[in-house]
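A closer look at the structure
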Amino acid sequence: HAAEAHRTDLMTITRFVLNEQSKHPEARGDFTILLSNIVLGCKFVCSAVSKAGLAKLIGLAGEINVQGEEQKKLDVLSNEVFIKALISSGRTSILVSEENEQATFVEPSKRGRYCVVFDPLDGSSNIDCGVSIGTIFGIYLRKDDSEGTLNDVLQPGKNMVAAGYCMYGSSCTLVLSTGTGVNGFTLDPSLGEFILTHPDIKVPKKGKIYSVNEGNAKNWDEPTKKYVERCKFPEDGSSPKSLRYIGSMVADVHRTLLYGGIFMYPADKKSPNGKLRTLYEVFPMSFLMEQAGGQAFTGTGRALDIVPTTIHQRSPIFLGSFEEVEEIKSLYAAHESKT
Ligand code: P6P
C-alpha cells in the first residue's frame with residue numbers, strides 16, 4: 001500500500017515544505033526557494049559520492065586525473081556546489097562552511113534574509129572505505145535590520161528556523177525539521193525527487209544503544225565514565241546496552257534518531273570542548289533531536305542554549321533518547337554538587 005501511495009501520492013520534499021509554508025500567511029516563498037537549492041546540492045553530492053569509487057573522486061586534492069583536470073576531493077567539490085547553489089538562490093546573506101576558515105558574505109545584489117551554516121561532507125575521512133557520510137545544515141534568519149554580519153550566525157541554536165542532514169549511504173535520506181517536528185525523505189533516483197518516507201519521526205524515549213569512541217575513555221571526566229560504566233554493567237540488573245559507533249556523525253545520529261539510545265562526543269582532558277563543531281554539527285543535530293522528542297546536553301547545559309563566539313568553535317554533546325540524556329544530566333548534576 002505504501003508503494004501504491006508513493007506511486008500516486010508523490011509527496012516530494014518540495015510539496016511537503018510548500019504545504020508547511022502555506023500555514024504561515026506571511027511566508028513569501030523565500031524559504032522554499034532556499035530549501036530547493038539545498039536539496040539540489042544534496043542531489044549533486046549523492047550522485048558524486050555514489051560514483052566516487054569509479055571516478056576516483058576520492059583522490060587527494062591537486063592530483064591530475066586521466067582527463068588532465070585537477071582532482072578535487074569530494075568535500076572540496078561538495079563545498080563549492082553548496083556555496084554556489086546557496087548564493088544563486090538569492091535568499092542568503094552569510095554562509096559558514098566547515099571547509100572555509102572565513103564566513104562567506106554574499107554580495108548585496110544577491111542577498112536574502114537567511115544565513116546557512118553547514119558541513120558539506122561530514123565524515124569525509126570515511127569515504128574511501130564506503131562508510132555512510134553526510135551533509136549537515138542549520139538555517140537562521142538574519143537579525144532584524146541587519147544586512148548580514150557575523151552576529152547573524154553567532155546566535156544560539158534555539159534561534160534556528162530549520163535544520164537537517166542528508167545521509168549518503170545505501171540510500172540517500174534527507175531528514176529535515178522546520179520547527180514543527182521531524183520528517184525523513186528518501187531520494188528516488190528514477191524521479192530525481194526526495195519522497196516522504198519517514199513522516200513525523202519521534203526518537204524512542206529510552207534506548208538500548210550507546211554510541212561513543214571508547215578509545216577516548218582514558219581522558220573522560222567522571223560523569224561520562226560513570227554513565228558508560230552503567231551502560232556496560234547496569235546497576236539495576238537490566239541487560240547491558242550495545243555499543244554502536246560508526247565514526248560518521250550523520251550515520252550515528254540517524255541510527256539514534258530512528259532506534260533510540262544516545263550519541264556522545266564528550267569533553268575530555270585532551271579536548272576540553274570535545275571534537276564536534278557547535279554551529280554546523282552540534283546545533284543542527286540537537287535541533288532535530290529536540291524536535292523528535294529527545295534531548296541534547298553539553299555536560300553543563302542545553303546544547304541549543306550555547307551562544308557561540310566563533311564560527312568554528314567546538315562543544316561537547318550528549319544527544320538522543322529523552323530518558324538516556326536525563327540520566328547523563330543527573331550524573332553531571334551530582335558531580336557538580338560534590339565539587
Ligand atoms: P572520532 C568525522 O570526522 C567526525 O567529524 C564526525 O562525523 C564523527 O562523529 C567524529 O568526527 C568521529 O570522531 O574522534 O571518534 O574519530
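Nothing here was measured: the structure is a model prediction, and the numbers come from that model. Just so you know, the residues in each chain are numbered from 1, in the order the chain's sequence is written. Selection of residues for local features in this predicted model requires a pLDDT of at least 70, selection of side-chain atom pairs for listing and counting requires 80 or more, and totals for whole chains, interfaces and linings are taken over all residues. Calculated side-chain values reflect all of the structure's heavy atoms, with hydrogen atoms and water omitted.

1. Points about the UniProt feature "domain: Fructose-1-6-bisphosphatase class 1 C-terminal" (unreviewed entry) in the chain
Rules: UniProt positions are given in the numbering used here, feature names are shortened, and annotations may be inferred rather than shown by experiment. Under the scheme used here, helices are H or I runs from DSSP no shorter than 4 residues and strands are E runs no shorter than 2 residues, and both carry numbers assigned from the N terminus.
With numbering aligned to this structure, UniProt lists the feature "domain: Fructose-1-6-bisphosphatase class 1 C-terminal" (unreviewed entry) at residues 203-332. What you have in residues 203-332 is 36% helix and 12% strand, and the ends, taken at the C-alpha atoms, are 23 Å apart.

2. Observations concerning the site of the ligand
Formally: We call a residue near a given molecule or strand whenever any one of its heavy atoms falls within 4 Å of it. Polar contact is defined as a pair of N or O atoms within 3.5 Å, subject to the rule that within protein one atom must be able to donate a hydrogen and the other to accept it, and that residues adjacent in sequence are counted only when both atoms are side-chain atoms. Using the Shrake-Rupley algorithm and a 1.4 Å probe, accessible areas are obtained, with residue cover drawn only from the displayed protein chains. Ten residue types, Ala, Val, Leu, Ile, Met, Phe, Trp, Tyr, Cys and Pro, are classed as nonpolar, four, Asp, Glu, Lys and Arg, as charged, and the remainder, Gly among them, as polar.
If you check the shell around the ligand, you find Asp122, Gly123, Asn213, Tyr245, Gly247, Ser248, Met249, Phe263, Tyr265, Lys275 and Glu281 and nothing else. Side-chain polar atom of Tyr245 to an oxygen atom of the ligand: 2.6 Å apart, as the coordinates give it. Lys275 is positioned with one of its side-chain polar atoms (N or O) 3.0 Å from an oxygen atom of the ligand. Considered on its own, the ligand offers 400 Å² of accessible surface; in the complex 79% of this is hidden by protein. Across the shell around the ligand, the residue classes break down as four nonpolar, four polar and three charged.

3. Re the packing of aromatic side chains
Stated formally: Here the aromatic set is Phe, Tyr and Trp, taking the six-membered ring for Trp, and pairing holds for ring centres within 6.5 Å; pairs whose planes are under 30 degrees apart are stacked, those over 60 apart are edge-to-face, and all others are tilted.
This structure, assessed with the given rule, holds six aromatic pairs. Relative to Phe318, the ring of Phe297 has its centre 6.2 Å away and its plane inclined at 40°; by these criteria the two rings are tilted. Of this pair, Phe297 sits in strand 12 (residues 295-297) while Phe318 sits in strand 13 (residues 317-320), and the two are 21 residues apart along the sequence.

4. Structural notes on helix 6 (residues 249-259)
To be explicit about the condition: Here's how the labels work: a residue is buried when its accessible area is under 20% of the maximum for its type, exposed when over 50%, partly exposed in between, all with a 1.4 Å probe on protein chains only.
Burial within helix 6 is extensive, with nine of its 11 residues counted as buried. Among all positions of helix 6, only Met249, Val250, Ala251, Asp252, Val253, His254, Arg255, Thr256 and Leu257 are buried. Backbone geometry just downstream of helix 6 places Gly260 in the positive-phi region, at approximately 90°.

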